[in-house]
Structures are given as C-alpha cells and as structure tokens.
Amino acid sequence: MNAIKVYNNMKVGFRLLIQSRSVVLGFIKSPMLIRNHHISPPRFLGLRCINQSQKPFSVTNPNWGQSRVFPATCCSSNKNGSSKPRYVSDYSTKLETSVNDKNFEKIYVQGVDELDEKTPVVVEKKDETVDRDGEESRLKNDVQNENLVSLDPTQRVESEAEKEAWRLLKESVVTYCGSPVGTLAANDAGDKTPLNYDQVFIRDFVPSALAFLLRGEGEIVRNFLLHTLQLQSWEKTVDCYSPGQGLMPASFKIRTVPLDDNKVEEVLDPDFGESAIGRVAPVDSGLWWIIMLRAYTKITGDYAMQERVDVQTGIKLILNLCLSDGFDMFPSLLVTDGSCMIDRRMGIHGHPLEIQALFYSALRCAREMLASDEGSKNLVRTINNRLSALSFHIREYYWIDMKKINEIYRYKTEEYSTEATNKFNIYPEQIPHWLMDWIPEEGGYMIGNLQPAHMDFRFFTLGNIWSIVSSLTTPKQNNSILNLIESKWDDLVGNMPVKICYPALEYEEWRIITGSDPKNTPWSYHNGGSWPVLLWQFTLACIKMGRIELARKAVDLAESRLHADHWPEYYDTRNGKFIGKQSRLYQTWTIAGFLTSKMLLENPEKASLLFWEEDYELLEICVCALTKTGRAKCSRGAAKSQILV
C-alpha cells in the first residue's frame, strides 16, 4: 500500500497517487489511472461517500426544501458514528509557497479534514411544501444562521412571485452526505432530456449563492466553495491531453456507484469540458469561484474561510494558470469560443470583453484575500502590474463613443512604428452601418472583442455591466454605458431584461460566424436572446452608479412575466416577447437572479459589499517603467490624458 509520493523535481507541490482502495491521511485510494491513446480514464472520479446499505433513503432538511430520495445512502461512518465526506484526489500542482513539500502536504490534508468535520444543521420542518402553481402554502420560517447577516422580514411583504421563487430555489438544492452543496441548473420535472441541466454549475450557482447569502443562509455557499475546491486540478482529458493545473470544473454531478460487499458510494463527478458541447474547458469557472469566495467572506464576515491553507492554495493555482506567460503580447486573456457564458460558437474567440471583466474582478478579489506573507509578495506584485496594464488596455482600446468612432473612421493603416495611432491595424471599413445611428451622443460602451485587424462592435451586456461593477471602466465610462442602455431601452431590454448581445448575427454573417448553429438563430439564445439572469448584475451596476430607478424598472418588468412564464432560461425575438424555443423552464439562475435583484433593491447598502470602487493607485503604475529594457516610448503617456476618472 503506497502513501502520498511527493515529486522532488517540482518547485513546491504534490501529487496524490491513487493505487488501492484504502484510506490514507483522510483520502480514499483507488486503482491508479492508466493514460494512453487507447485507454480512457475512469468516468466516476471525484469526492466520495461510502455506505454499506443499498436501501433507498430520504434526506430531509427543512432548511433546503423538500425531501430528496436517493437510491442509496451516501455517507461513510467514522468512529463517532457521524457522517462525513472522504476525498479521492489526483492533484498535480506547481505553486510558489513558503512551506516545504512535506509540511505543505500535511497542512493541506488538515485543511481537508476541517471540511470533513463540518456537520450539517438539521432542524424541524414547520410547514408543508407546495406545488409549482403556488396554490397551497409555502415553506415558512427559514432557518437563519445567527452569525450571518439576514434580512428583516418585517420590512415588507413578499410578492407571490418571490414566494414561488424561494420555494423553487430551495427545491433545486442538491445535497451530498446530508449537506447542501449547490443548486441544479434547471429543475423542470417535465423535462425528459435534461442533458447537463441536472448538474451543478459554478457560473450558474453564483446568483443562487448571493440569494442565500443575502438571506442569511451561508452554509450552502461554504460547502459549495470547499467541495468544488477539492475537484480542482483533476487531470481530465480530451483525446489524452490534460488541461492546465488549477482549472476549475464547469460543473459537477452527484452519482451513486455500487461497490463490493454490499456497499455503494456517492461521487461528485466533475466536468471540465470533456463532456460539454464543443468540448471547451471553462475559463470563467475559476474567476467566478474567486469572486464568489470574496462575496461569501464579505457578507458573512467569515474571514477564516479565505485564510485556510487549501483555499489560499486554490486561489494561487487559479492565478498561476491565468498569469502564466505565453505567446500573447496583450494583458488581456486569450481564450477560445465557448469558454464563458456564451458556450457555443459565436465569434468571441480571442480577447472577449466578458472574460477580461471577470479576470480584472478576480484579480482584485485575489489581491484582497491573499495572505500577507513572503510567499505571496511576488504574486501580489504581479497582480498589481497586470491590473494596471489590463485597465489601461481595456479603457483605451475597447471604448467606443461618437468621438472614438470618428477617430477610427479617419484611421491610417499599415503603420509600422511604436508611435502608431492605429496600433491594431483596424480598417475603417469595419465600422458597421447600424452603429452610426445607434450610439447616442451622451452614451458609449466597450466593444466585444479586439484582435489585430478586427474589432467586434457588438454590445455584450455582461462584459459591459461587469466592467462597471469591477471598475474596469472609469466613472465617466460607467455613466455612459448606463446612458446607452437607457437610451436604447427598447433594443437592449424590450419586454424582458436583458439582451445578451446586440445586434444579432443574421443571414450570411450568421452562417459563417456561428457555423449555421440552429440554436443560435437570429434573436435567439446567445445570438441576441434575452436572459433574465443578467438582471442581478444590471441591478448591482445601477445601484453602484446611483441609478436605482433604472434597475427597479427592469425588475418590475421581469417580475410581471417570469412568474407567469414558469421562469424560463431565455426569451426570443428582437423585443424578448416569446419564451425561447429551446428554453428550459424553472431555470435556477433565472429564479436566483430575480431574487438577488429584489433583495439588492430592498437593501442597497448590501450592494457595496459586492462591487469595487476605482483604485487610483493602479493608474500610477506603468509596467513599461518596471521593465529592464528602459523603453523611452510608452503608448500609455499619450493616452493618459484621455482616460478620465
């Protein structure tokens, strides 16, 4: 029986090799994986709970909704008779740290054991659940953790839409070893082909996490963060090639697997993109995980969570993956199509705004949460330099208003010089005809993408809204973006907030760019569809900029329809009049996004815990001045006067 083998040829790190099904230092060992071009890795890998009973059982936790019946019990018993999860890991990490290999290994396992000993809180069920039509009474008296910030129920009376939304959100909760660990992507009992909508997604869980946190229920968020952390860095493959170390899964599913000796185990089985349509690894999962971790600590005050060694390790692994050097010359992240919320081919490969805004936000979160020690000094310095370069790059080259369009219209091309004005060799003919009359005089926005000889002038809502939330854009630009949305309300909001992008790709352009994707037809799904989940981010941006009435208008518009339409995933047509032709009903992030928006509007002071103000010190940092080349020319100096804060 082999224990953990530490690779000495790595800077600092560890790899847990699984060879036999026995417990070592709190980990369960399983047969070693054999990887070559002919043998695929076993599918059921992940966090495991073992039990000897095969009888169905019911996990009843009134704090999380209805009883959920599983085909077998999911928990292994320790000496005290209590249940806790055990972990199967195949970590391969490369990380700068101040501890040696053996000590790091010991501390990390202790961090895992800390999660093991966390037991769920079981309370008495005080009311009966109701059906989806809301004709009977709903669950009342939700359990509030006295250590968390909770809303005062006496402030107002919940609407029928809110009551149903809370019931549906709690019915979507998934439990693992008796504890809540996330919410299903969609929970429509009438859907016979759920695909991967019956899984727990990191990106989808963000609005659910905020809804629970704002209501004072932090346990599910804590469990989610720690369990997904244990799934990080699995060596899942697509045609026998491993993703970068530190990659977070797109989603996970709880599966029950039979064992020998009348035992079964429940497994958290992660998906890193090897099963997704398009087989693209998620870039945004790790970024959202860091953002969610900060939100958890800010709202609950549980700062001990971010100080855990395993959590600090997880943050550093994600950062190392994102900050690693490559061929790219830009401070923005280079990614493929389908690596974010728009997870199908939509022509966003390269440096899409959505990823840059989340990247900037995650860097600011990580800088706040990293421990102040010698091992983190270099990483914090790297983060500061990247933040400075990224903010300048996006503010200068992605911003579009009437003034900038006029400059592009008069661009000279084929400029070969460090002092060139048209640095990306953009041809003025790329300016689309619709843009000239569409953009208002007092408005502007960030374009969707920028690459050599290519500017994507489409308006992508999430990227622009999150640029406001994270202060990637300047205060002046923030107001201009909201001015644009207000001015073009019929185009960007219409009958259902909010368009994912504008305008839609049509005709030959749709055929070429999407590959004739039948799901992304014009004004549907990712191609100009309306997504209610964007409501909470829009609300947060409006609260930050003091435009609460704009957010309230959008929330009231959504509330009047979502409840009647059974909470669809998205809406179709130019004005968002119809439920999406392939839209799932009872979509969890639609439900949670609506609830989060309502709570933020009722308690706008809570919003300050979720957004960032301008960091003026970053504006004074110039990466060029820090290099050894001593460059005399810096494009930043010429542009600095135009970047107004």
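Here's a quick rundown of the structure. The shown structure was predicted, so the numbers you read here are calculated from the model rather than taken from an experiment.

**Quick notes on the pattern of salt bridges**
Step number 1: Under the counting rule described, the total for this entry stands at 24 salt bridges.
Step number 2: Among the salt bridges present, the one from Asp-191 reaches Arg-584, with a minimum N-O distance of 3.0 Å. Of the two residues, Asp-191 is situated in the loop between strand S10 (179-183) and strand S11 (200-201) and Arg-584 in the loop between strand S19 (578-579) and helix H18 (588-602); the sequence distance between them amounts to 393 residues.
Step number 3: On the basis of relative accessibility, which here comes to 11%, the residue Arg-584 falls in the buried class.
Step number 4: One network of salt bridges, with partners in common, ties together Glu-158, Lys-170, Arg-215 and Glu-217.

**What to know about the sheet that holds strand S16 (residues 454-460)**
Step number 1: If you walk across this open sheet you meet the four strands as S14-S15-S16-S17, and the pairing is antiparallel. Every interior strand has two partners, whereas the edge strands, strand S14 (399-400) and strand S17 (501-502), have only one.
Step number 2: Running at roughly 105° to strand S15 (residues 445-451), helix H9 (residues 374-397) makes contact with S14, S15 and S16 of the sheet.

**Topic: helix H8 (residues 353-369)**
Step number 1: In this model, H8 (17 residues) spans 24 Å end to end at C-alpha, consistent with the 24 Å of a helix rising 1.5 Å per residue.
Step number 2: Extensive coverage of H8 is indicated by the burial of 15 of its 17 residues.

**What to know about the packing of aromatic side chains**
Step number 1: For the structure shown, the criterion picks out 20 aromatic pairs.
Step number 2: Measuring from centroid to centroid gives 5.2 Å for Tyr-397 and Phe-424, while their planes differ by 80°, and the two rings are edge-to-face. Residue Tyr-397 is located in helix H9, and its partner Phe-424 is located in the loop between helix H10 (402-409) and helix H11 (433-438); the two are separated by 27 residues in the primary sequence. The same class applies to Tyr-397 as to Phe-424, namely buried.
Step number 3: Chaining the aromatic ring pairs together yields one cluster made of Trp-434, Trp-438, Tyr-445, Phe-459, Tyr-502 and Trp-523.
Step number 4: Above the ring of Trp-166, the side-chain terminus of Arg-215 is found at 4.2 Å from the ring centroid.
Step number 5: Seen from the ring of Tyr-525, Lys-519 lies directly overhead, with NZ or CZ sitting 4.3 Å from the centre.

**Thoughts on the packing of helix H5 (residues 284-300) against helix H7 (residues 309-323)**
Step number 1: At a closest axis distance of 10 Å, the pairing of H5 and H7 adopts a crossing angle of 140°. By the angle between their axes, H5 is oblique relative to H7. Here H5 runs over H7; the crossing is left-handed. Contact residues: Gly-286, Leu-287, Trp-289, Ile-290 and Leu-293 in H5; Val-311, Ile-315, Ile-318, Leu-319 and Cys-322 in H7.

**Regarding the nonpolar core**
Step number 1: One finds Trp-289, Ile-315, Leu-319, Tyr-445 and Trp-466 to be the most contacted residues of the largest nonpolar core, which totals 156 residues.
Step number 2: If we skip the residues at most four places from it in the chain, Ile-315 touches Trp-289, Ile-290, Leu-293, Ala-366, Met-369 and Leu-370.

**Description of the environment of Val-257**
Step number 1: By the element assignment, Val-257 lies in strand S12 (residues 251-258).
Step number 2: Using a relative accessible area of 14% as the deciding quantity, one classes Val-257 as buried.
Step number 3: Put simply, Val-257 and Val-267 are 10 residues apart on the chain and 7.2 Å apart in space, counted from C-alpha to C-alpha.

Cut-offs applied
Residues numbered from 1 in each chain as written. Predicted model: local features only at pLDDT ≥ 70, side-chain atom pairs only at ≥ 80, totals over all residues. Heavy atoms only, no water. Salt bridge = Lys/Arg side-chain N within 4 Å of Asp/Glu carboxyl O. Helix = DSSP H or I, 4+ residues; strand = E, 2+ residues; numbered from the N terminus. Buried < 20%, exposed > 50% of the residue type's maximum accessible area, 1.4 Å probe, protein only. Pairing = 2+ DSSP bridges. Contact = heavy atoms within 4.5 Å. Axes fitted to C-alpha atoms, helices over the stretch in contact; angles between N-to-C directions. Expected span 1.5 Å × (residues − 1). Phe/Tyr/Trp six-rings, centres within 6.5 Å; stacked < 30°, edge-to-face > 60°. Lys NZ or Arg CZ within 6 Å of the ring centre and 35° of its normal. Parallel < 35°, antiparallel > 145°, perpendicular 65-115°, else oblique. Left-handed = near helix turned anticlockwise from the far one by under 90°. Core = buried A, V, L, I, M, F, W, Y, C linked by side-chain atoms within 4.5 Å.

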